[in-house]
2 protein chains.
Amino acid sequence: MSFSGPVVALAGGVGGAKLAVGLAHALPEGALTVVVNTADDLVLHGLHISPDIDTVMYNLAGMSNPETGWGIDGDRTSALDLLGRYGGPTWFRLGDQDLATHIRRTQRLAEGARLTEVTRELAASLGIKANILPMTDSSIATRVKTPEGELEFQDYFVARGTRPSVCGVRFQGADEARATPEVIRAFDEASAIVFCPSNPIVSIGPILAVPDIHERLRSASAPRVGVSPIIGGAALRGPAAEMLKSLGHEVSALGVARILKDVLDGFVVDTEDEALVSSIKETGLRSIALPSIMSDLDSKKKLAQGVLAFASSVQKMT
Amino acid sequence: MSFSGPVVALAGGVGGAKLAVGLAHALPEGALTVVVNTADDLVLHGLHISPDIDTVMYNLAGMSNPETGWGIDGDRTSALDLLGRYGGPTWFRLGDQDLATHIRRTQRLAEGARLTEVTRELAASLGIKANILPMTDSSIATRVKTPEGELEFQDYFVARGTRPSVCGVRFQGADEARATPEVIRAFDEASAIVFCPSNPIVSIGPILAVPDIHERLRSASAPRVGVSPIIGGAALRGPAAEMLKSLGHEVSALGVARILKDVLDGFVVDTEDEALVSSIKETGLRSIALPSIMSDLDSKKKLAQGVLAFASSVQKMT
């Protein structure tokens, strides 16, 4: 019932990273490719930071901080404390080990390597068997429109703790961005495409904003299934609920399904939202309910297996 | 008997940093300027590292590792360990906090700041009242000729642990290097110039190799006094003794005095070498013997006071 062939997962932050871990365990070694949002990337202290790539990478390497879901377990901030003393910004909490990742990435990019190549090198060094692909090597920056003006994503997300209400979101550079050969090949070879339970606006949104990727997702022959990041009208973490509301969407799995329906065949809601399955089906998608709270490796793996089985059934139906 | 006016000290690594601490305590706040060797600077992990500046800075800030004399007390290497896992070099032991210094320096240099400006900012952030000046903002690199070929200084010094014998030393870029306005002004205003007990070949040597500085040292009206880094025929630390020997110099305070005599008026030897004072006087220098082993703050301060009193007496004689 489940896939052994290549599976592509689209992921943003912590929720996406968790399902990626489940998928990596549910699939044969090397069968998983995770295409990761890079529109949250930022340069701080002169270092290129790719927060979503790092979250996926540290989770897949089994080294992520289990409390936060991001950063490295047990990491300290002694370098950041001194950077702060030197007048540098400290609102973005960079751990000492985490800095090594940014230092290495920055060095390799300065040497002319593509972000895709650097990410492959870093992941391989950490023993990760899944393929982690930045959604693009082009520069895309999420800009959040708020009553205080337009903010850089991390300024909105971390520095201001998602407090400003969101009137709009745009992805600067997206129109000119190109999918990489690696991303195109992954989609072309995929036997299933999984949208992880990441924020549909600022995690999945930027991936869809890359024209080549959007086109491939719309025309994909492989089954495309998503998992709702909204459970019972709230997000497990992050500003997805507030953001959906202020942008005029219904704050529910149904609301997310409506946003993504043009690039999906099926949508998984949490068992708590089983009542929404029939409404989602009315949008033209297939839908099932599964336990989707990923509190440990077992629940990540079970959800991954359920999602893959669902994708398999969607495939049979088309 | 001692100075209150501006004093310039020339320093390389740990020995120089120790006397700089003594001088900073012996002089009024802000009266000390330390001109520091930068020919050992290197780029590792894409970061600009200035080992001698950092050693002087951490010592003056009271945060240096008391065991080694360099690095930051209690610093760990968790970032370096991960950089090693990523394939980066680990032979140069960069601590987590220490990395903050290199990250900040690299960022500011990339923004167009001069090394002199960056050093002033870093030192001010650490509460240092003395002026720390890189000997130049130009790029100078010490190259060590050995039977294995010509090596970069840190390759010879750290990676190979000073094991290769030294057939020659050159300072790449020195001929084109310019003294900064800050260094020139410091020499012009100095009422005494102190050569710290640093390696005469690879710590003091590069400073003298900057044509503007050499010219100013030769023609200085202020008394110029040095402290021998060689005690009883050996260096307290580092390869000075082996290097002097293999380059054909006498391995003694007298040998060092002969190398530096054109830019010195007086030379301080350790009390253990009191017998050399008369021979040093024969080279045309004034000379005295003082306890010069700096094991604690008190001995650093006492040596500094003795050196300043000696400089004062030299001034009276000329």
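Structure report, in brief. (Residues numbered from 1 in each chain as written. Chains lettered and ligands numbered in written order. Predicted model: local features only at pLDDT ≥ 70, side-chain atom pairs only at ≥ 80, totals over all residues. Heavy atoms only, no water.)

## Quick word on the overall build of chain A
Next, step 1: On a plain count of helices and strands, chain A comes out with 13 helices and 14 strands.
Next, step 2: For 318 residues, the compact-globule estimate of 2.2 N^0.38 gives 20 Å, and chain A sits close to it at 18 Å.
Next, step 3: A principal-axis box enclosing the C-alpha atoms of chain A has dimensions of 60 × 45 × 40 Å.
Next, step 4: Pairs at least 24 residues apart make up 67% of the contacts formed inside chain A by residues separated by at least 6 positions.
Next, step 5: For chain A, the computed accessible surface area is about 12,300 Å², with 47% contributed by carbon and sulfur atoms.
Next, step 6: Positive and negative charge centroids in chain A, built from 30 and 37 side chains respectively, lie 1 Å apart. (Helix = DSSP H or I, 4+ residues; strand = E, 2+ residues; numbered from the N terminus. Rg over C-alpha atoms; globule rule 2.2 N^0.38 Å. Contact = heavy atoms within 4.5 Å. Areas by Shrake-Rupley, 256 points an atom, 1.4 Å probe, with all protein chains shown as cover. Lys, Arg positive; Asp, Glu negative; His and termini not counted. Charge placed at Lys NZ, Arg CZ, Asp CG, Glu CD.)

## Some thoughts on the interface of chain B and chain A
Next, step 1: Chain B puts 27 residues into the contact, and the matching count from chain A is 27 residues.
Next, step 2: At the surface where chain B touches chain A, the tally comes to 0 salt bridges.
Next, step 3: Here chain B is connected to chain A by 6 residue pairs in polar contact (both at pLDDT 80 or more).
Next, step 4: Sort the elements by how many residues they give to the side of chain B that touches chain A and helix 4 (residues 96-110) of chain B lands first, with 8 residues.
Next, step 5: Across the side of chain B that touches chain A, the residue classes break down as 14 nonpolar, 9 polar and 4 charged. (Salt bridge = Lys/Arg side-chain N within 4 Å of Asp/Glu carboxyl O. Polar contact = N/O pair within 3.5 Å; in protein donor to acceptor, adjacent residues only side chain to side chain. Nonpolar A, V, L, I, M, F, W, Y, C, P; charged D, E, K, R; others polar.)

## With respect to the environment of A39(B)
All names here are of chain B.
Next, step 1: Relative to the helices and strands, A39 is located in the loop between strand 2 (32-36) and strand 3 (42-44).
Next, step 2: As for A39 and D52, which are separated by 13 residues in sequence, their C-alpha atoms are 9.0 Å apart.
Next, step 3: Non-local contacts of A39, meaning those with residues more than four positions away in its chain, are made with M135, I140, A141, T142 and P206.

## Some thoughts on the packing of aromatic side chains
A ring pair, where both rings are aromatic, is described by two values, the distance of the centres and the angle of the planes.
Next, step 1: One pass over the structure, following the stated rule, counts 6 aromatic pairs over all chains.
Next, step 2: An angle of 20° between the planes, with centres 5.0 Å apart, marks the rings of F153(A) and F157(A) as stacked. One end of the pair, F153(A), and the other, F157(A), are both in helix 6 (residues 153-159), 4 residues apart, so they sit about a helical turn from each other.
Next, step 3: When its relative accessible area of 5% is taken as the criterion, F153(A) is described as buried.
Next, step 4: For F157(A), a relative accessible area of 34% puts it in the partly exposed group.
Next, step 5: Taken together, a centroid distance of 6.2 Å and an interplanar angle of 55° make the contact between F153(B) and Y156(B) tilted. Of this pair, F153(B) and Y156(B) both sit in helix 6 (residues 153-159), 3 residues apart, which is roughly one turn of that helix. The residues F153(B) and Y156(B) share a single accessibility class, namely buried. (Phe/Tyr/Trp six-rings, centres within 6.5 Å; stacked < 30°, edge-to-face > 60°. Buried < 20%, exposed > 50% of the residue type's maximum accessible area, 1.4 Å probe, protein only.)

## With respect to the packing of helix 2 (residues 51-60) of chain B against helix 4 of chain B
Residues and elements named next belong to chain B.
Next, step 1: Following both chains from N to C, one finds helix 2 and helix 4 inclined at 125°, their axes separated by 12 Å at the closest point. Regarding the angle of helix 2 to helix 4, the classification is oblique. In the packing of helix 2 onto helix 4, the handedness of the crossing is right-handed. Taking contact as the criterion, the partners of I53, D54, M57 and Y58 in helix 2 are, on helix 4, D98, T101, H102 and R105.
Next, step 2: Its residues assigned to classes, the contact of helix 2 with helix 4 shows 3 nonpolar, 2 polar and 3 charged. (Axes fitted to C-alpha atoms, helices over the stretch in contact; angles between N-to-C directions. Parallel < 35°, antiparallel > 145°, perpendicular 65-115°, else oblique. Left-handed = near helix turned anticlockwise from the far one by under 90°.)

## A few points about the relation of the copies chain B and chain A
Next, step 1: For the pair chain B and chain A, the superposition axis carries a translation of 0.0 Å, the fit reaches an RMSD of 0.0 Å, and the rotation angle comes to 180°. This pairing of chains is accounted for by a two-fold axis. Closest to the rotation axis within chain B is the C-alpha of D96(B), separated from it by 3.0 Å.
Next, step 2: Mapped onto chain A, 100% of the interface residues of chain B are again interface residues, and the two copies thus contact each other with one and the same surface. (Least-squares fit on C-alpha atoms with pLDDT ≥ 70 in both.)

## A closer look at the pairing of strand 13 (residues 266-270) of chain B
Residue and element names in this part refer to chain B.
Next, step 1: In terms of residue burial, strand 13 counts as a mostly covered element, since 5 of its 5 residues are buried.
Next, step 2: The two faces of strand 13 match: G266, V268 and D270 on one face and F267 and V269 on the other face are all buried.
Next, step 3: Bridging between strand 10 (residues 224-227) and strand 13 involves 3 bridges; their strand directions are parallel. Bridging from a neighbouring strand, V225 pairs with G266 of strand 13.
Next, step 4: Bridge count between strand 13 and strand 14 (residues 286-290): 5 bridges; the pairing is parallel. Bridged to V269 within strand 14 is A289. (Pairing = 2+ DSSP bridges.)

## Thoughts on the environment of V36(A)
Residue and element names in this part refer to chain A.
Next, step 1: Tracing the backbone shows V36 in strand 2 (residues 32-36).
Next, step 2: We classify V36 as buried; its relative accessible area is 0%.
Next, step 3: Considering only alpha carbons, one finds V36 and V21, 15 residues apart in sequence, at a separation of 14 Å.
Next, step 4: In this view, V36 contacts A11, G12, D52, I53, V56, I132, L133, P134, M135 and I207; residues no more than four positions away in its chain are not counted.

## Observations concerning the packing of helix 1 (residues 14-26) of chain B against helix 2 of chain B
Residues and elements named next belong to chain B.
Next, step 1: Direction vectors running N to C along helix 1 and helix 2 enclose 35°, while the axes themselves pass 9 Å from each other. Like other packed secondary-structure pairs, helix 1 and helix 2 cross with a definite hand, here right-handed. Residues V14, A17, A20, V21 and A24 of helix 1 form the contact with helix 2, whose participating residues are T55, V56, N59 and L60.
Next, step 2: Tallied by class, residues from the contact of helix 1 with helix 2 come to 7 nonpolar, 2 polar and no charged.

Purely geometric stuff here, so don't read any function into it on its own.
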